[in-house]
Amino acid sequence: MTSHPDQPGRLPQDSPAFAEFRSSLKTLRSSKPREWQASRAMIAGHTLLATLHRLSEAIRTSTLPPEIREPLLAGLLPAAHEPTMPEPGSDLLKRLTGFPTTKALRALCVHFGLAGLPDHSVTGPDRTTDQVDTFLRSHANPFDLLLEVETPSLLDLGAGDLSFVHELVAQYLPPIREHGRLLTVHALDRIKPGSSLGTAYQATQDRVASLKTKPGLQFRYWGDQDMFALEKPDRRSVLRPWYHLVTCWAPANPTFSYEPSRLSPELIDRHLRETRGTYRQVRAHGEPALEVLHQGRALLFPEWKFDIRGPLALLDVIAHRGLLCVLGAVDSEVFWELLAQLVADPSTRPRDVLFTEQTLPEVFGRLYRDLQTLTQDRPQSLAELTDLRRDIPRTVASSTDAATTFGFRDVLIRRGATFPGMPASATARQFSRLREESAPWFLLLLPA
C-alpha cells in the first residue's frame, strides 16, 4: 500500500519504510549524544523558526523516498510560518517519528546533520569587518554578500510596499536555494496596515503572503512598527541581534533631515512651516493624522510624519544591527545631515545653521566640492577624503549593548537612485521621473 502525500493521515502505521525510519531516529540519542545535546538549542527562542525552515529544506532535498519525505514536510508545514511550536502537525510528526513534537524536531535535526552546526544568529557574525571590507573592494554590488555566506540575512527598515524585498528575493533566493541555504529577510514599516493614510507605501496582503510561503525564505513583516522601538518582548524572539545587511531606502524626510542635537526645536518648527506649510494634528477617517496646508491645499499624512529623529538615531540602529549597511535613494537634505554626523571635523556640525545651497559650500568646503563631482559609476570612499568620526554618540537605548559611542570604518558614496544588477525600492525607481529632484545618494556603511 502506497501513501498519499496529500492525505498524510492515511499513512499505514506498520509500513516497513516508516518502521525502519523510526528505528533509526530512536538510536540517535545514544549514538550521537553531542549532536542530541546541541539539538536542544535549535528548538528554543528565536532559533525555532530558522530551524523549521532549515529542516524543511534538508528534508526536501534529501534522498528519502517520497512516501516518507512528503509526509514529513506536511508535518512541519503548519509550523513553518509562525515562531511557535507546531500544533496541527504534532500528531502526524509523532506518528512518523515515534516522538513527541519537541523530541521529534530534535531527532530530525540530528538525523539530517543540522545539530551542532553553528547558528550565527546566536553565536555572532560569521564575517569580520576586514572580510566585509575586502568583499566591498572587489564587488560592485553589495547585495552579492548574500551569496558569500552560509546563513544570509537582511533587515529592511521602512520597507514600504515591499518592492525592494520583492526584487531582492526574486534575484537572490534561487541561487541561495541551489546551495541548500536559507535566506532570512525581515522587514518593517511604521505605516499601519489598513490605514487610509500613506496607502501608496503600504504592503499588500497578497505580497506579504507570497513572500511568507516561498520555500527557502524565512520572511517576517511588521507593519505599524517604529524602527526605534525594536526592543519589545514579542520582537526579541524573532528579530536577529545582527544581519548581514541592513537596508533603508529613501530615509524619510523630514524625519532624518534635521539633527535635534544640532538644531533647536524652534528653528526646525519654523523652517518646516516656512517650507512645508502650517500643520496641525487632526483626525481623519477615524484615525490620528497630520494636516499640512501647502500652497492652498490641505494634505493628510500619518500623525508622525513630522516627528524629527535625526540621522544620529538612524545611524545608531543600522550600525548595531548590520555587518554592512545600505542607505539608498537618499535625498540631498537627508544626505548632508547624515554626512555631518559621519565626519570627524566638528565644524561640519554648526549649531542652528540650516544646510542650504548657500551654507553647504561654506560648512563642508573642499569635501562639498569633491562630492559634487561624483557620478553613478564611481563610488568614493569617504575615509579617503576626510577623517571619519569614531565617537558618534548613541541615541537609541538598547537592552543588550551598553556602549555609549560607535563609528564606521568606512563609508562608500555613490550618486544615483538605481544601479545595474541591484534590487531597489519603488521609491528609488521613481527618481528617474522626478525632473525637479536632484540625483539622490547611495551609501554603503561599514560599522567599525
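To be clear, the structure that these remarks concern was listed above.
To start, this report covers the structure provided alongside it.

Cut-offs applied
- Residues numbered from 1 in each chain as written.
- Predicted model: local features only at pLDDT ≥ 70, side-chain atom pairs only at ≥ 80, totals over all residues.
- Heavy atoms only, no water.
- Helix = DSSP H or I, 4+ residues; strand = E, 2+ residues; numbered from the N terminus.
- Contact = heavy atoms within 4.5 Å.
- Areas by Shrake-Rupley, 256 points an atom, 1.4 Å probe, with all protein chains shown as cover.
- Salt bridge = Lys/Arg side-chain N within 4 Å of Asp/Glu carboxyl O.
- Buried < 20%, exposed > 50% of the residue type's maximum accessible area, 1.4 Å probe, protein only.
- Axes fitted to C-alpha atoms, helices over the stretch in contact; angles between N-to-C directions.
- Left-handed = near helix turned anticlockwise from the far one by under 90°.
- Nonpolar A, V, L, I, M, F, W, Y, C, P; charged D, E, K, R; others polar.
- Pairing = 2+ DSSP bridges.
- Parallel < 35°, antiparallel > 145°, perpendicular 65-115°, else oblique.
- Polar contact = N/O pair within 3.5 Å; in protein donor to acceptor, adjacent residues only side chain to side chain.

### What to know about the overall build of the protein chain
Secondary structure summary: the protein chain contains 18 helices and 13 strands in total. Sequence-distant contacts, at least 24 apart, represent 74% of the contacts inside the protein chain between residues at least 6 apart. When the accessible surface of the protein chain is summed, it comes to about 20,700 Å², and 51% of that surface belongs to carbon and sulfur atoms.

### Remarks on the pattern of salt bridges
The final tally for this structure, using the stated rule, is 15 salt bridges. Asp133 is paired through a salt bridge with Arg137; the nearest N and O atoms lie 3.2 Å apart. Highlighted residues: Asp133 and Arg137, both in helix H9 (residues 129–138), separated by 4 residues, approximately one helical turn. Given a relative accessible area of 13%, Asp133 falls into the buried group. Through salt bridges that share partners, Asp130, Asp133, Arg137, Arg409 and Asp410 make up one connected network.

### Some thoughts on the packing of helix H1 (residues 16–26) against helix H5 (residues 66–76)
Two elements in contact, H1 and H5, have axes separated by 10 Å at closest approach and are oriented at 65°. H1 and H5 meet at a crossing whose hand is right-handed. Residue-level inspection shows Ala17, Phe18 and Phe21 of H1 in contact with H5, the latter providing Glu67, Ile68, Pro71 and Leu72. Looking at the contact of H1 with H5 residue by residue, the classes come out as 6 nonpolar, no polar and 1 charged.

### A closer look at the sheet that holds strand S13 (residues 441–447)
Here 8 strands make up an open sheet; going across it, the order is S3-S2-S1-S4-S8-S13-S12-S9 and the pairing mixed. The open sheet has two edge strands with one neighbour each: strand S3 (217–222) and strand S9 (380–381). The sheet contact formed by strand S4 (residues 243–249) and strand S8 (residues 322–330) spans 6 bridges and is parallel. Each bridged residue has a counterpart across the sheet, and for Leu245 the counterpart in S8 is Leu324. Strand contacts of H9: S8, S9, strand S12 (408–415) and S13, with the helix running at about 20° to S12, the strand carrying the most contacts. Here helix H14 (residues 311–319) sits on the sheet in contact with strand S1 (153–157), S4, S8, S12 and S13, set at roughly 140° to S8.

### Re the packing of H1 against helix H7 (residues 101–111)
Running from N to C, H1 and H7 point in directions that differ by 90°, and their axes come no closer than 9 Å. When the axis of H1 is compared with that of H7, the two are roughly perpendicular. Here Phe21, Ser24 and Leu25 of H1 come into contact with H7, specifically with Ala107, Leu108 and His111.

### Description of the side chain of Arg321
Positionally, Arg321 belongs in the loop between H14 and S8. Looking at Arg321, its side chain comes within polar contact range of the main-chain oxygen of Arg240, at 2.6 Å. With residues up to four places along the chain from it excluded, the contact list for Arg321 reads Leu155, Leu230, Glu231, Leu239, Arg240, Pro241, Trp242, Tyr243 and Val246.

### Concerning the sheet that holds strand S5 (residues 278–284)
Two modes of strand pairing occur in sheets, parallel and antiparallel, and in both the strands are linked by backbone hydrogen bonds. If you walk across this open sheet you meet the 3 strands as S5-S6-S7, and the pairing is antiparallel. In the strand order of this sheet, the two ends are held by S5 and strand S7 (297–302), each with one partner. Going from strand to strand, the sheet's axes swing by 35° on average, the running direction of each strand aside. In this structure, strand S6 (residues 287–294) lies alongside S7, joined through 6 bridges in antiparallel fashion. Each bridged residue has a counterpart across the sheet, and for Leu293 the counterpart in S7 is Ala298.

### Some remarks on unusual backbone geometry
With an omega dihedral of 15°, the bond running from Asn253 to Pro254 counts as a cis peptide bond. Inspection of the secondary structure assignment puts Pro254 in the loop between S4 and helix H13 (265–275). Positive phi values are uncommon outside glycine, yet Leu162 reaches one of about 65°. For Leu162, the position within the fold is in the loop between S1 and helix H10 (163–178). Here the phi dihedral of His285 falls at roughly 55°; this positive angle occurs in a residue that is not glycine. Relative to the helices and strands, His285 is located in the loop between S5 and S6. Residue classification places His285 among the exposed residues on the basis of a relative accessible area of 66%.

By themselves, these are just geometric observations and shouldn't be taken as functional.
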